[in-house]
Amino acid sequence: MENFPLINMEKLNGEERGATMDKINDACENWGFFELVNHGISHELLDTVERMTKDHYKKCMEQRFKEMVAAKALEGVQTEVTNMDWESTFFLRHLPTSNVSEIPDLGDEYRRLMKDFAGKLENLAEELLDLLCENLGLEKGYLKKAFHGSKGPNFGTKVSNYPPCPTPDLIKGLRAHSDAGGIILLFQDDKVSGLQLLKDGEWINVPPMRHSIVINLGDQIEVITNGKYKSVMHRVIAQTDGTRMSIASFYNPGNDAVIYPAKALVEKEPAENERVYPKFVFDDYMKLYAGLKFQAKEPRFEAMKAAESNAASGSVATA
């Protein structure tokens, strides 16, 4: 755990910029995750988001979760549960259009707060994408443009709580998966742990740290970088004590964005493995992902590659 990549963003402004950029690059290549401090989002805002999210869970979500557990008889399970997760969630969509005003049970103050928080996370996501471009030798704005499509990126937030679980060995808080999208920004509980990533065949705890933002890379970054950066399997282990708060915001390509390895990165590769990742429309990938989320990502890439190949042969046949 002591080696988990911790990035102090303040150091990007001084003489340690080069070393800090190297740390980000190493994290993207070898971890798929890193943790940010001094990221520009105020501690006061983060504290308010945490307090109001936990209050909302207690008032509006906790009883519903208990009723769901009772209805599905999850309290006394004797064998491993593999088809659901021990989590209570709701989703907020920010871009291209917002649904925050439509979500039931949210107070006006909480709605305003989450809109403000989302705006700051969106800016941070775009700043991070440009840092990745710099490390990759891509022109500034390349990744943002690649994600844009005709209506701009998709950006949304999954607000989750993981209540105490009597049988954490039999049911996961969230089953292992890699994220389908672009770059994910997580504000997580600093007291109750549970998030783990898979590295070199071992599950490693992502350390909870007050006021930090945890970053992880999705499948689309792996495709665009032609595998230089990787998305990584991760999961949430349910805990017997304490409710863990998790607010994960997903900065993803627009539905009609066409995703493919950056030409500049493919040209750096030896001729025999020039382009190893497919070209596809993001929404097509998401439709495939919906049924295969909790499986390995490689078959998803292969399926998209086969679809690309079939489309190409079809266009040749009709030419």
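Residues numbered from 1 in each chain as written. Predicted model: local features only at pLDDT ≥ 70, side-chain atom pairs only at ≥ 80, totals over all residues. Heavy atoms only, no water.

## Here we look at the packing of aromatic side chains
Two aromatic rings are characterised by how far apart their centres lie and by the angle between their planes. Formally: In this analysis, rings of Phe, Tyr and Trp, with Trp reduced to its six-membered ring, are considered paired at centre separations within 6.5 Å, and the interplanar angle assigns stacked below 30 degrees, edge-to-face beyond 60, and tilted for intermediate values. A ring is considered to have a charge above it if a Lys NZ or an Arg CZ atom is located within 6 Å of its centre and within 35 degrees of its normal.
Here the structure, examined in full by the defined rule, presents 8 aromatic pairs. Cluster of aromatic residues (ring-pair linked, three or more members): Tyr277, Phe280, Tyr285 and Phe301. Just above the ring of Phe294 sits the side chain of Arg175; from NZ or CZ to the centre is 3.9 Å. Here the guanidinium or amino end of Arg235 rests over the ring plane of Trp203, the centre of that ring lying 4.1 Å away.

## Observations regarding the side chain of His94
Put simply, the rule is: Under the scheme used here, helices are H or I runs from DSSP no shorter than 4 residues and strands are E runs no shorter than 2 residues, and both carry numbers assigned from the N terminus. Each residue's exposure class comes from its accessible area (1.4 Å probe, protein chains only) as a fraction of the maximum for that residue type: buried when under 20%, exposed when over 50%, partly exposed otherwise. Any pair of N or O atoms that falls within 3.5 Å is considered a polar contact. Within protein, one atom must be able to donate a hydrogen and the other to accept it, and sequence-neighbouring residues count only if both atoms are side-chain atoms.
On the secondary structure map, His94 appears in strand β3 (residues 88-95). Judged by relative accessible area, His94 falls into the buried class, the value being 11%. At 2.8 Å, the side chain of His94 forms a polar contact with the side chain of Thr157.

## Let's talk about the sheet that holds strand β8 (residues 202-205)
Heads up, the rule is: Two strands qualify as a pair provided that DSSP identifies no fewer than 2 bridges between them. Note on definitions: angles span 0 to 180 degrees between N-to-C directions of axes, and those axes are lines fitted to C-alpha atoms, for helices only across the stretch in contact.
Spatial ordering of the open sheet is given by β5-β10-β7-β8, a layout of 4 strands whose pairing is antiparallel. Both edges of this open sheet fall to β5 (174-177) and β8, since each of them pairs with a single strand only. On average, adjacent strands in this sheet sit at an angle of 25 degrees to one another, irrespective of strand direction. Relative to strand β10 (residues 234-236), strand β7 (residues 195-199) is paired through 3 bridges, and the arrangement is antiparallel. Its bridge partner lying in β10, Leu197 is registered against His234.

## Observations concerning the sheet that holds strand β4 (residues 154-162)
Pairing is mixed across the open sheet formed by 7 strands, whose spatial order is β1-β2-β9-β6-β11-β4-β3. For this open sheet the edge positions go to β1 (6-8) and β3, each flanked by a neighbour on one side alone. On average, adjacent strands in this sheet sit at an angle of 25 degrees to one another, irrespective of strand direction. Pairing between strand β6 (residues 183-188) and strand β9 (residues 213-217): 4 bridges, direction antiparallel. Residue pairing across strands places Leu186 opposite Val214, the latter belonging to β9.

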